[in-house]
Amino acid sequence: MSSALLELRQITVSFDGFLALRDLNLSLQPGELRAVIGPNGAGKTTFLDVITGKTAPTDGDVVFKGRSLLGRPEHRIARLGIGRKFQSPRVFEKLSVQENLALAVSRPKQPWSLLFQRLTAGQRDQVHHLMSIVNLQNRADWAAGSLSHGQKQWLEIAMLVGQDPDLLLVDEPVAGLTDEETDLTADLLKSLAGDHTVLVIEHDMEFIRRLESPVTVLHQGHVLCEGTMDQVQVDPRVIEVYLGTTEEENG
Amino acid sequence: MFQSLQQRRWLLVCLWVLIVAAIVAAPAILPVFRLNLLGRFLSLAIVALGIDLIWGFTGLLSLGQGIFFALGGYAAAMYLQLSNAGDLPNGIPEFFGLYGVKELPFFWHPFASPWFTLVAIWLIPGVLAGVLGGLVFRNRIKGVYFSILTQAALLVFYNFFNGQQKLINGTNGLQTPATKLFDQYVGSDLMQRWFFWVTAVVVILIWALLRWVVRGRFGDVLIAIRDDEPRLRFAGYNPTLFKTLVFGLAGALAGIGGALYTVQSGSASPQFMEVPMSIDMVIWVAVGGRGTLVGAILGAVVINFAKSLVSEALPESWLFIQGGLFILVVTALPEGVIGWFRGEGPGNWLNRLGYCLNTLGNWLIRWGNALIRQSTAFPWLNYLGINTLGNWLIGCGHALNSVGIVRRIGTYPRLELEGQVEVQP
């Protein structure tokens, strides 16, 4: 277990007495692809907020590559190698596709280097490569705001990859996508795992099944169970708190 | 493509030649009074450029740029006062005598050096802006709260400067016209002409500097801060650092503007730090066009000229006009005048114009046809040339119609791209 890339140890987050997360333990091995599911209010997004430094846990510790992340500002955590994709696509709408990606691949991310240095040839190649992965070559000079919803989702994933993080946290990547786009996104994430560690939060069961990855079920800020999709689906506790309610909602 | 590029280059060269010629010739063309006004307004354009950088590009609305403007002005005025103090009793500026001060306050001493003053004009306001800004940004104070804080700081400085008779002559401020620089009176026509030229050159240099700053990836980061600052943090950037830097830079520019304004207006006084002054600065940028550097310059110069002309013709009415202008910009031209031109504004108008021509053309064609129909029913009408008139109307109608259609298509440059086949991954 000591080789884990990311480890959450007994994380508790309390918002004015409401426990968004309680005693949450979770660890990710390098190269792993992991899905996290859970009903609304299970604490999925809070859990990402804790890892990326947006929310400070009331108790517990987050360890990434053997170092505690507590007390570090968001941008430093990002530079350590944790990238995050938000629930609704958040790209810089007034900048072009190319500029969005250039900001992601730029390194170091300091004012003077951005002012006095140009993108290296390698970084420019990387931008083009990223655009070709998500098929936005034709849109290089388009304002990101004029892209379709699906293209924005992909652009954000491409920006995430451009940051070259060791750990990708992906929050609901297929919300609002067509079935075809959903399948393509699943393939894209699967191809990223291995080189990167990927943690996906999603509501869409079919999508999770396509990822063929271990699943962690969150419920009321706690890990309810872990296992493959098939194991999880027959777990009576999961059926009670999650799948049961989903069927009702869908019905 | 290449040809249009060449054409553009030619246009640019012509434009620059015009600008340079205008600057060189302005003293010969404009009366002394107007030239002095133009010089002052160009100094204000420097402040506006700074505001455009922090507000138009980075989204920081500062209502306290007057602080930095005044600091630059005071630095210049202190040097000028000292450079002439040798002939005076006690060897210190005259006004000190009014308050019984015999010795020069300690912070005046370095301003005896012209080099120190040249640096202080931009460094003091720049560093102060950086420090104040850094403290605020570090605590993630944003938006309206930031604006209120800057205005509160402005009031603090205003009251402080107003009350310090023994240090800086309080409300009266420091006068410059009777002081000497290069053996010439600062208020003389010759010096004023040179100040105008210097100001014009400085405006161009600063425009070029800011253009370089906002065009590259640094500028992209500023825009990203404006549009979605939290997202940028997760991309590994530290927005606080960038915001502190540009706020400091804007403060330094306000200081330069203040110094040049002071030598041309004749005094540095706490009036620079009155609340309406700082709000006016924001309005120049808003009207000219946030996020367009040229807009900030034009906004500052044109609005101030309008103000002085209107105030001469119809005193008291300017405030209403300025208010109306601001309402117009907020409601109809949120991107400002230049922003409207660069954006889809003209395209939309041309499109509408095309539509009108289109409709008019159709009407003409219909009338022409009606006339011809009449003339076949009543052949005697032909003797009056109705048939020809009808044909002519139809011809005109078709011409207008096609101009209208061309115009409308021409306003959609992206149509071609929309049609491109999209390759799915």
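This structure is a prediction, so every number in the text was calculated from the model and none was measured.

Engineer: Residues and numbers for the overall build of chain B, please.
Structural biologist: Per the secondary structure count, chain B includes 16 helices and four strands. Within chain B, buried positions represent 47% of all 425 residues. Pairs at least 24 residues apart make up 78% of the contacts formed inside chain B by residues separated by at least 6 positions. Taken as a whole, chain B presents about 21,900 Å² of accessible surface, with 69% of it coming from carbon and sulfur.

Engineer: For helix H3 (residues 97-105) of chain A, give the residues involved together with the corresponding values.
Structural biologist: Across the nine residues of H3(A), seven count as buried, placing the element largely inside the fold. All buried positions along H3(A) are accounted for by A:Val97, A:Asn100, A:Leu101, A:Ala102, A:Leu103, A:Ala104 and A:Val105.

Engineer: I'd love a proper account of the sheet that holds strand E10 (residues 222-227) of chain A, names of residues and values included.
Structural biologist: Residue and element names in this part refer to chain A. The strand order across the open sheet built from six strands is E6-E7-E8-E3-E9-E10, with neighbouring strands paired in mixed fashion. The two strands at the open ends of the sheet, each matched to only one other strand, are strand E6 (82-85) and E10. For this sheet, the mean angle separating the axes of adjacent strands, direction not counted, is 20°. Sheet analysis places strand E3 (residues 33-37) next to strand E9 (residues 215-219), joined by three bridges and oriented parallel. In the strand pairing of E9, Ala-35 is matched with Val-215. Across the sheet, helix H7 (residues 179-192) lies against E3, strand E7 (167-171) and strand E8 (197-201), angled at about 150° from E8, the strand it touches most.

Engineer: Give a description of the pairing of E10(A) that names residues and reports values.
Structural biologist: Looking along a regular strand, one sees the side chains alternate between the two faces of the sheet. Residue and element names in this part refer to chain A. When E9 meets E10, the two strands line up antiparallel, connected through five bridges. Each residue of the ladder has a partner; that of Thr-216, found in E10, is Glu-226. Linking E9 back to E10 in an antiparallel pair, the connection comprises two residues, with Gln-220 at a positive phi of about 50°.

Engineer: Residue-level account of empty space enclosed by the protein, with values.
Structural biologist: Residues and elements named next belong to chain A. Per the counting criterion, the structure on display carries one cavity of 30 Å³ or more. For the largest cavity, the full set of lining residues is Leu-130, Ile-133, Val-134, Ile-157, Ala-158, Val-161, Leu-188 and Leu-192. Those elements that provide at least two residues to the lining of the largest cavity are helix H5 (121-133), helix H6 (149-162) and H7. With three residues, the top contributor of residues to the lining of the largest cavity is H6. In terms of residue class, the lining of the largest cavity is built from eight nonpolar, no polar and no charged.

Engineer: Tell me about the side chain of A:Thr185, and please be specific about residues and values.
Structural biologist: Within the element layout of this structure, A:Thr185 appears in helix H7. Under the relative-accessibility criterion, A:Thr185 is labelled buried at 0%.

Engineer: An account of the interface of chain A and chain B is needed here, citing residue identities and associated values.
Structural biologist: Between chain A and chain B, the residue contacts involve 38 residues of the former and 32 residues of the latter. Interface area for chain A against chain B, summed over the two sides, is near 3,500 Å², with a carbon-plus-sulfur share of 60%. The interface formed by chain A and chain B includes 11 residue pairs in polar contact (both at pLDDT 80 or more). Counting residues per element, the ones that place at least two in the side of chain A that touches chain B are helix H2 (74-81), E6, H3, helix H4 (111-116) and H6 of chain A.

Engineer: Describe the pattern of salt bridges, with residues and values.
Structural biologist: Pairing between side chains of opposite charge can happen when the charged atoms of each approach one another. All names here are of chain A. In total, this model carries 19 salt bridges over all chains according to the counting rule given. A salt bridge links Arg-9 to Glu-7; its shortest N-O distance comes to 3.5 Å. Overall, the relative accessible area of 39% leaves Arg-9 in the partly exposed class. Note that Asp-187 and Arg-210 form a salt bridge whose closest N and O atoms lie 2.8 Å from each other. A residue pair is termed long-range when its members are at least 10 positions apart, and Asp-187 in helix H7 and Arg-210 in helix H8 (residues 205-211) qualify at 23 residues. You can call Asp-187 partly exposed: its relative accessible area is 36%. Judged by its relative accessible area of 29%, Arg-210 is partly exposed. A cluster of three or more residues bridged by salt bridges with shared partners is formed by Glu-32, Arg-34 and Glu-226.

Rules and cut-offs
Residues numbered from 1 in each chain as written. Chains lettered and ligands numbered in written order. Predicted model: local features only at pLDDT ≥ 70, side-chain atom pairs only at ≥ 80, totals over all residues. Heavy atoms only, no water. Helix = DSSP H or I, 4+ residues; strand = E, 2+ residues; numbered from the N terminus. Buried < 20%, exposed > 50% of the residue type's maximum accessible area, 1.4 Å probe, protein only. Contact = heavy atoms within 4.5 Å. Areas by Shrake-Rupley, 256 points an atom, 1.4 Å probe, with all protein chains shown as cover. Pairing = 2+ DSSP bridges. Axes fitted to C-alpha atoms, helices over the stretch in contact; angles between N-to-C directions. 1 Å grid on protein atoms, 1.4 Å probe; cavity = no way out; pocket = protein on both sides within 12 Å on 5 of 7 lines; lining within 4 Å. Points joined across faces, edges and corners; volume = space filled by probe spheres on them. Nonpolar A, V, L, I, M, F, W, Y, C, P; charged D, E, K, R; others polar. Buried area = accessible area lost by both parts, 1.4 Å probe. Polar contact = N/O pair within 3.5 Å; in protein donor to acceptor, adjacent residues only side chain to side chain. Salt bridge = Lys/Arg side-chain N within 4 Å of Asp/Glu carboxyl O.

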